[in-house]
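Observations on the model geometry
The lines below spell out each chain.
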Amino acid sequence: MQDAAATEDLARRAAAADPAALDELLLVIRPDVLRRCARFLPCREDAEEAAQDVLLQVARKITSFEGRSRFSTWLYTVVANCSRQKYRELKRRAAEQPDTVDTTQHPDPRTTSVIAGSRIDLLEALERLERESPHLVAPLVYRDLCQLDYAEVAERVGIPLGTLKSRLHEARKQVRPWLADAS
């Protein structure tokens, strides 16, 4: 496992259009990307698809990484966006398919697992929060799901630390009853 400083260096070199650094960077970050996507998406296959989307986005957009913040912060933004986009895509696909249930098939872990259910409930709550208070979504996702520290989140969102804490408190307050209703 590579340390954070070495990963940051790889990211800077990849951003400067070093193809060997990009290849190495993608190999180094893949396990962490998959683990973080799995925090959003309960089904392993869905998390793997989202992780592939993240790696593709990193490869395509690495030159936009300017090094003003840590690479890990930049990466977690990509992870959060790709994971949420994959969830929207899965939800749209499910809505387009007829409601036929084949009892000979194994149960879908997305609908039977308590952990999976809680993640789906959280994603639904994030979708609702996005509709009702979009400015509260990023602080909640970066702090509670990506587990960035407060200073990193404030920097990433571009707001003062006090404002971040206030928005985070408000986001948690709004989401809490929606999650309680779902359980």
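Residues numbered from 1 in each chain as written. Predicted model: local features only at pLDDT ≥ 70, side-chain atom pairs only at ≥ 80, totals over all residues. Heavy atoms only, no water.

**Side note on the overall build of the protein chain**
Convention followed: Secondary structure is summarised from DSSP: a helix means a run of H or I of at least four residues, a strand means a run of E of at least two, and numbering begins at the N terminus for each. Whether a residue is buried, partly exposed or exposed follows from its accessible area with a 1.4 Å probe, protein chains only, as a fraction of its type maximum: under 20%, in between, or over 50%, in that order. Here the open area of atoms and residues is found with the Shrake-Rupley method and a 1.4 Å probe, where only the protein chains shown may cover a residue.
Within the protein chain, the regular secondary structure consists of 9 helices and 0 strands. Listed by position from the N terminus, the elements making up the protein chain come as α-α-α-α-α-α-α-α-α. Relative to its full complement of 183 residues, the protein chain shows a buried share of 39%. Counting only carbon and sulfur atoms, one obtains 52% of the accessible surface of the protein chain, whose full area is about 10,500 Å².

**Observations concerning unusual backbone geometry**
Although it is not a glycine, Ala17 adopts a positive phi angle of roughly 70 degrees. Looking at where Ala17 falls in the secondary structure, it is placed in the loop between helix H1 (4-15) and helix H2 (19-40). In this structure Ala17 comes out as exposed when scored by relative accessible area, which is 56%.

**Here's the deal with the pattern of salt bridges**
Using the following cut-off: Salt bridges are identified by distance alone: a Lys or Arg side-chain nitrogen within 4 Å of an Asp or Glu carboxyl oxygen.
In this structure the tally under the stated criterion is 16 salt bridges. Across the salt bridge formed by Lys86 and Asp53, the nearest N and O atoms sit 4.0 Å from each other. Of the two residues, Lys86 sits in helix H4 (residues 71-96) while Asp53 sits in helix H3 (residues 44-61), which places them 33 residues apart along the sequence. Between Glu170 and Lys173 there is a salt bridge, and its shortest N-O distance comes to 3.4 Å. With Glu170 and Lys173 both in helix H9 (residues 161-182) and 3 residues apart, this pair spans about one turn of that helix. Residue classification places Glu170 among the partly exposed residues on the basis of a relative accessible area of 27%. Under the relative-accessibility criterion, Lys173 is labelled partly exposed at 45%. What you see here is one network of salt bridges that share partners, running through Glu49, Asp53, Lys86 and Glu89.

**Looking at the packing of helix H7 (residues 137-145) against helix H8 (residues 150-157)**
Formally: Axis definition: a line fitted to C-alpha atoms, over the contacting stretch in the case of helices. Angles run 0 to 180 degrees between N-to-C directions. Helix crossings are classified by the rotation of the near helix relative to the far one: an anticlockwise turn of less than a right angle makes the crossing left-handed, while a clockwise turn makes it right-handed. Here, residues are in contact when the closest pair of their heavy atoms is within 4.5 Å.
Between H7 and H8, whose axes approach to 10 Å, the crossing angle comes to 145 degrees. Between H7 and H8 the crossing geometry is right-handed. Counting all contacts with H7, which are made through Ala138, Pro139, Tyr142 and Arg143, the residues of H8 involved are Tyr150, Val153, Arg156 and Val157.

**Describing the side chain of Arg36**
Selection criterion: Here a polar contact is recorded for every N or O atom pair within 3.5 Å, except that within protein the pair must consist of a potential hydrogen donor and a potential acceptor, and residues adjacent in sequence are included only if both atoms are side-chain atoms.
For Arg36, the location among the structural elements is in helix H2. At 2.8 Å, the side chain of Arg36 and the side chain of Tyr76 are in polar contact. Excluding residues within four positions of it along the chain, Arg36 makes contact with Tyr76, Val79 and Cys146.

**Overview of the confidence of the model for the protein chain**
Operational definition: The predictor attaches a confidence to each residue, called pLDDT, with possible values from 0 through 100.
In this model, the protein chain carries an average pLDDT of 83, and 85% of its residues clear a pLDDT of 70 or more. Confidence drops under pLDDT 50 across residues 101-117; counting only partners more than four residues distant or on other chains, this segment forms 10 contacts.

**Regarding the environment of Phe71**
As for its placement among the helices and strands, Phe71 is situated in helix H4. Classification of Phe71 by relative accessible area gives buried; the value is 1%. Leaving out residues up to four positions away in the same chain, Phe71 has contacts with Thr7, Glu8, Ala11, Leu25, Ile29, Ile62 and Phe65.

**Considerations on the packing of H1 against H2**
Selection rule: These descriptions rest on fixed angle ranges, namely under 35 degrees for roughly parallel, over 145 for roughly antiparallel, 65 to 115 for roughly perpendicular, and the rest for oblique. As a working rule, the residues Ala, Val, Leu, Ile, Met, Phe, Trp, Tyr, Cys and Pro are called nonpolar, Asp, Glu, Lys and Arg charged, and the rest polar, with Gly in that last group.
Their axes nearest at 8 Å, the elements H1 and H2 cross at an angle of 140 degrees. If you check the angle between H1 and H2, you find them oblique. Classified by chirality, the crossing of H2 by H1 is left-handed. Of the residues in H2, those touching H1 at Thr7, Leu10, Ala11, Arg13 and Ala14 are Ala21, Leu22, Glu24, Leu25, Val28 and Ile29. Across the contact of H1 with H2, the residue classes tally to 8 nonpolar, 1 polar and 2 charged.

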